[in-house]
Amino acid sequence: MGLQQFEERLERLVEGTLAKPFRSNLQPVEIGRRLTREMDLHRRVGVRGLIAPNAFVVTLSPDDVSRFSSFIDALSRELSDAAREHARIESYSFVGPVEVEIFEGSNLKAGRFTVTAEVHESDDGGFLAELVFPDGRRVVVGSTPVVIGRLPECEVVLQDSNVSRRHAEVRRSGDGVFITDLGSTNGTRVNGTPVREQILASGDEVSVGSTRLIFEMT
């Protein structure tokens, strides 16, 4: 399901002038398949179950880098999302943020590519916790609490008149992640319910002002 959705999104992304070259040459979904296969091959047993690689390096031929140049950043994001979806389906865990870097390999012929996958553990270790914005941006919840608010010094700055200067805080504690309302004027909601403090579960929707963030933990 993850790769099918990935392929459908890439088809929409490249439709038009870039659609024709994909009919006979390297197609982005081939990279996604190789990436998820590398996850399966290099998974390992950890304290919380199977740990999958989270750091990927994709090397493409000069010709393919040129063909993909107009959406190379979007391709990297889509590959990252495909890795996260594959991890969810296979019940894999990550111990650091998922990162996909794309480079040019001068010795590669058109259509040929390589994918390397490694486990890169964050300084916090244990598990990965992130807040996901509607536009796909991600903020890692590490050892330092993440403060959400209007002030420039907040880790998550929201330009919203319904958000207080220091609205809410998300922090790790033991094996869990908690959200605490910092006495905001309009309150903080988790899955639509007002909260003062609550432990978060993966998939929870956090509402602060008019912004809705999704909490993910693997």
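Notes on the structure in this doc start here. Every chain's residues receive numbers from 1 upward, in the order its sequence appears when written. Restriction of local features to residues with pLDDT of at least 70 applies here, the model being predicted, together with a cutoff of 80 or more for giving and counting side-chain atom pairs; totals for whole chains, interfaces and linings are based on all residues. To get the side-chain values, all heavy atoms of the structure are used, and hydrogens and water are removed first.

## Details of the sheet that holds strand β3 (residues 55–60)
Argument step 1. Two strands make a pair as long as DSSP finds a minimum of two bridges between them. Put simply, DSSP H or I for four residues or longer makes a helix, DSSP E for two residues or longer makes a strand, and each gets a number counted from the N terminus. Overall, mixed pairing links the three strands, which are arranged β4-β3-β5 in an open sheet. Of all the strands in the sheet, the pair left with one neighbour each is β4 (99–104) and β5 (113–118). For this sheet, the mean angle separating the axes of adjacent strands, direction not counted, is 15°.
Argument step 2. For β3 and β5, the ladder comprises six bridges, and the chain directions are antiparallel. The residue bridging alanine 55 from the neighbouring strand is glutamate 118, located in β5.
Argument step 3. The sheet contacts of helix α2 (residues 28–41) involve β3, β4 and β5, and relative to β5 the element is tilted by about 35°.
Argument step 4. We call two residues in contact when some of their heavy atoms are within 4.5 Å. Lines are fitted to the C-alpha atoms to define the axes, a helix being fitted only along its stretch in contact, and any angle between axes, read from their N-to-C directions, falls within 0 to 180 degrees. Strand contacts of helix α4 (residues 72–90): β3 and β4, with the helix running at about 140° to β4, the strand carrying the most contacts.

## Observations regarding α4
Argument step 1. Here α4 contains 19 residues, and its C-alpha end-to-end distance of 27 Å stays within 8% of the 27 Å for a straight helix at 1.5 Å per residue.
Argument step 2. Note on exposure labels: buried denotes an accessible area under 20% of the residue type's maximum, exposed denotes more than 50%, and partly exposed covers the range between, all computed with a 1.4 Å probe on protein chains only. Listing the buried residues of α4 in full gives Ala74, Leu75, Ser76, Glu78, Leu79, Ser80, Ala82, Ala83, Arg84, Glu85, His86 and Ala87. Between the first and last residue of a helix there are one fewer steps than residues, each counted as 1.5 Å, and that sum is the expected span.

## Describing the sheet that holds strand β12 (residues 188–190)
Argument step 1. Pairing is antiparallel across the open sheet formed by six strands, whose spatial order is β7-β6-β16-β15-β12-β13. A single partner strand is all that each edge strand has here, and the edge strands are β7 (138–140) and β13 (193–195). On average, adjacent strands in this sheet sit at an angle of 30° to one another, irrespective of strand direction.
Argument step 2. Pairing of β12 with β13 involves three bridges; the strand directions are antiparallel. Its bridge partner lying in β13, valine 190 is registered against threonine 193.

## Regarding the packing of aromatic side chains
Two descriptors summarise a pair of aromatic rings, namely the distance from one centre to the other and the angle between the planes of the rings.
Argument step 1. Note on aromatic contacts: the rings of Phe and Tyr and the six-membered ring of Trp form a pair at centre separations within 6.5 Å, being stacked when their planes are under 30 degrees apart, edge-to-face when over 60 apart, and tilted otherwise. In total, this model carries one aromatic pair according to the counting rule given.
Argument step 2. Where phenylalanine 68 meets phenylalanine 71, the ring centres are 5.7 Å apart and the plane angle is 45°; that geometry is what we call tilted. Here the two residues phenylalanine 68 and phenylalanine 71 agree in accessibility, since each one is buried.
Argument step 3. Lying over the aromatic face of phenylalanine 113, arginine 34 brings its terminal NZ or CZ to 4.3 Å of the ring centre.
Argument step 4. Its end group placed over the ring of phenylalanine 133, arginine 137 keeps NZ or CZ at 4.0 Å from the ring centre. A ring is scored as having a charge over it whenever the NZ atom of a lysine or the CZ atom of an arginine sits within 6 Å of its centre and within 35 degrees of its normal.

## What to know about the side chain of aspartate 64
Argument step 1. Looking at where aspartate 64 falls in the secondary structure, it is placed in helix α3 (residues 62–68).
Argument step 2. Filtering out sequence-adjacent residues up to four positions away, aspartate 64 remains in contact with Leu26, Ala110, Gly111 and Arg112.

## With respect to the pattern of salt bridges
Argument step 1. Within this document, salt bridges are pairs made up of a side-chain nitrogen of Lys or Arg and a carboxyl oxygen of Asp or Glu, the two lying within 4 Å of each other. For the structure shown, the criterion picks out seven salt bridges.
Argument step 2. Among the salt bridges present, the one from arginine 84 reaches aspartate 81, with a minimum N-O distance of 2.9 Å. One end of the pair is arginine 84 and the other is aspartate 81, both in helix α4 and three residues apart, which spans about a single turn.
Argument step 3. In this structure, the salt-bridge partner of aspartate 135 is arginine 137, at a minimum N-O distance of 3.0 Å.
Argument step 4. Residues joined by salt bridges that share partners form a network here, namely Glu130, Arg138 and Glu216.

## Some points on the environment of isoleucine 102
Argument step 1. Take isoleucine 102: it is sitting in strand β4.
Argument step 2. Distance from isoleucine 102 to phenylalanine 56, taken between C-alpha atoms, is 8.5 Å for residues 46 residues apart in sequence.
Argument step 3. Sequence-distant contacts of isoleucine 102, defined by excluding residues within four places in its chain, comprise Val58, Leu60, Ile72, Leu75, Ser76 and Leu79.

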